[in-house]
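Chain by chain, the residues:
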Amino acid sequence: MRVLFVHNNYRTSAPSGEDAAVRNERRMLENRGVEVFSFERCNDDIDDSSLIAKTAMAVNTIWSQRSRSQLRKFVSDLCPDVVHVHNTFSMLSPSVYGACKAEGVPVVQTLHNFRFFCPAALLLRDGKPCEDCLDRSLLQSVRHRCYRGSVAATATLATMLVLHRAIEPIHATLIAT
């Protein structure tokens, strides 16, 4: 079996349990004879040195045509049996799902956090449970500056979620279940 992992690593200065889980799962599968390949990005490569770079990153977070095109070619060349998506934030973007769909490869998604539903990814606000983005509009997250205390950063993530829920019905299905 050939499995393609798609993962956006967090910054190396802030190691995450999610990144460790991906490494451990890869090792486990390989120890059982599964061929595992990776398509990865790392948030260390984010350039936020200028307003233009920050704007480009926001657009890329919402829709990365580069990641979508590169993944589609990679999938076409590799012919994996399944694509296992772990994290698309922030450099890959949810645009990668369409690349897999276009190549006819099934996708398995591991949810390591609640980013599909909540821009802050934790369903928490001010240290308390919050389900406003599930029960109401994602505009609630922008109003409350849920991601890094920033209207702009939260609006970017809310836009990403709204766009991809409209494009890929799977997100709506996940929310409904």
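Rules used throughout
- Residues numbered from 1 in each chain as written.
- Predicted model: local features only at pLDDT ≥ 70, side-chain atom pairs only at ≥ 80, totals over all residues.
- Heavy atoms only, no water.
- Core = buried A, V, L, I, M, F, W, Y, C linked by side-chain atoms within 4.5 Å.
- Buried < 20%, exposed > 50% of the residue type's maximum accessible area, 1.4 Å probe, protein only.
- Helix = DSSP H or I, 4+ residues; strand = E, 2+ residues; numbered from the N terminus.
- Pairing = 2+ DSSP bridges.
- Axes fitted to C-alpha atoms, helices over the stretch in contact; angles between N-to-C directions.
- Contact = heavy atoms within 4.5 Å.
- pLDDT = per-residue confidence, 0-100.
- Right-handed = clockwise from strand over helix to strand, strands pointing away.
- Salt bridge = Lys/Arg side-chain N within 4 Å of Asp/Glu carboxyl O.

Engineer: I would appreciate a short explanation of the nonpolar core in the present structure.
Structural biologist: The tendency in soluble globular proteins is for nonpolar side chains to be buried side by side. Core analysis: the largest hydrophobic core is formed by 16 residues, its most contacted members being Leu4, Val6, Phe39, Leu71, Val75 and Val83. Every element with two or more residues in this core is listed here: strand 1 (2-9), helix 3 (65-78), strand 3 (82-87) and helix 4 (96-102). With four residues, helix 4 is the largest single contributor of residues to this core. Within the second largest apolar cluster, 11 residues are counted, among which are Phe89, Tyr147, Ala158 and Leu161.

Engineer: When you look at the environment of Glu131 in this model, what are you seeing that I'm missing?
Structural biologist: Within the fold, Glu131 resides in the loop between strand 6 (128-129) and helix 5 (132-135). The exposure class assigned to Glu131 is partly exposed, which follows from its relative accessible area of 45%.

Engineer: Help me out: how do you make sense of the sheet that holds strand 2 (residues 35-42) in this one?
Structural biologist: Pairing between the strands of a sheet is mediated by backbone hydrogen bonds and can be parallel or antiparallel. Pairing within the open sheet is parallel, and its four strands lie in the order 2-1-3-4. A strand with exactly one partner marks an edge of an open sheet, and here the two such strands are strand 2 and strand 4 (107-109). Within this sheet the neighbouring strands show an average axis-to-axis angle of 20 degrees, counted without direction. Where strand 1 meets strand 3, five bridges bridge the pair, whose relative direction is parallel. Pairing of His7 across the sheet is with Asn87, part of strand 3. Strands in contact with helix 1 (residues 17-31) are strand 1, strand 2 and strand 3; relative to strand 1, the strand with the most contacts, it is inclined by about 165 degrees.

Engineer: Is there a simple way to think about the confidence of the model for the protein in this case?
Structural biologist: Do not read the fine detail of predicted coordinates wherever pLDDT is low. Here the protein averages 90 in pLDDT, and 94% of its residues register 70 or above. Mean pLDDT values for the elements of the protein range from 45 in helix 8 (residues 169-176) up to 97 in helix 3. For the stretch residues 171-177, pLDDT sits under 50, and the model shows nine contacts to residues farther than four places along the chain or on other chains.

Engineer: Is there a simple way to think about the side chain of Ser141 in this case?
Structural biologist: Tracing the chain through its elements places Ser141 in helix 6 (residues 139-143). By relative accessible area, which is 1% here, Ser141 ends up buried. Ignoring anything within four residues of it in the chain, the contact list for Ser141 reads Pro119, Cys133, Cys146, Thr154 and Ala158.

Engineer: It is not clear to me how the pairing of strand 3 should be interpreted in this structure. Could you clarify?
Structural biologist: For strand 3, the buried fraction is high: six of the six residues fall into the buried class. Crossover connection from strand 3 via helix 4 to parallel strand 4: handedness right-handed.

Engineer: Got a minute to help me understand the pattern of salt bridges in this structure?
Structural biologist: As a working rule, side chains carrying opposite charge can pair if their charged atoms are close by. Taken as a whole and judged by the stated rule, the model has five salt bridges. Among the salt bridges present, the one from Arg2 reaches Glu35, with a minimum N-O distance of 3.6 Å. Of the two residues, Arg2 is situated in strand 1 and Glu35 in strand 2; the sequence distance between them amounts to 33 residues. Judged by relative accessible area, which is 25%, Arg2 ranks as partly exposed. Between Asp77 and Lys73 there is a salt bridge; the shortest N-O distance is 2.7 Å. Separated by four residues within a single helix, Asp77 and Lys73 lie in helix 3, roughly one turn from each other. Taken as a pair, Asp77 and Lys73 share a single burial class, namely exposed.

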